[in-house]
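Here is how the chains run, residue by residue.
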Amino acid sequence: MSNNKEGWADLIINARKDLGISRSEVALEVGVTKQTIALWETESRTPKTRDLWSLFRYLRLSDDDMVSFLLRVRRR
């Protein structure tokens, strides 16, 4: 799990980079555009619930990561 001082987008960015996959690959799997992924990664937009589940599953993030993500979004 990422450092708690990081923003919620860092969870997405770090997981994607750790897996060595592009924004385009994530977008295709989740069913959004690569521009949407970029907006999530800059915290300009928050993923919708249905997209969040697909995103976390594809990026192999844990339930703990999901809780951390939601807490970070809430603090924003």
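Below, the structure is looked at part by part. What you are looking at is a predicted structure, and each value in this text was computed from that prediction instead of being measured.

**Quick look at the packing of aromatic side chains**
Counting across every chain of the model gives two aromatic pairs. When the centroid spacing of 5.1 Å and the interplanar angle of 80° are considered together, the rings of Trp8 and Phe69 count as edge-to-face. Residue Trp8 is found in helix H1 (residues 8-19), and its partner Phe69 is found in helix H5 (residues 63-75); the two are separated by 61 residues along the sequence. Assessed through its relative accessible area of 1%, Trp8 is described here as buried. According to the relative accessible area criterion, Phe69 is buried, its value standing at 1%. Taken together, a centroid distance of 5.4 Å and an interplanar angle of 75° make the contact between Phe56 and Phe69 edge-to-face. Placement of the pair is Phe56 in helix H4 (residues 49-58) and Phe69 in helix H5, with a sequence separation of 13 residues. You'll find Phe56 and Phe69 in the same group, each marked buried. Taken together, the aromatic side chains of Trp8, Phe56 and Phe69 make up a single cluster linked through ring pairs.

Scoring rules and cut-offs
- Residues numbered from 1 in each chain as written.
- Predicted model: local features only at pLDDT ≥ 70, side-chain atom pairs only at ≥ 80, totals over all residues.
- Heavy atoms only, no water.
- Phe/Tyr/Trp six-rings, centres within 6.5 Å; stacked < 30°, edge-to-face > 60°.
- Helix = DSSP H or I, 4+ residues; strand = E, 2+ residues; numbered from the N terminus.
- Buried < 20%, exposed > 50% of the residue type's maximum accessible area, 1.4 Å probe, protein only.

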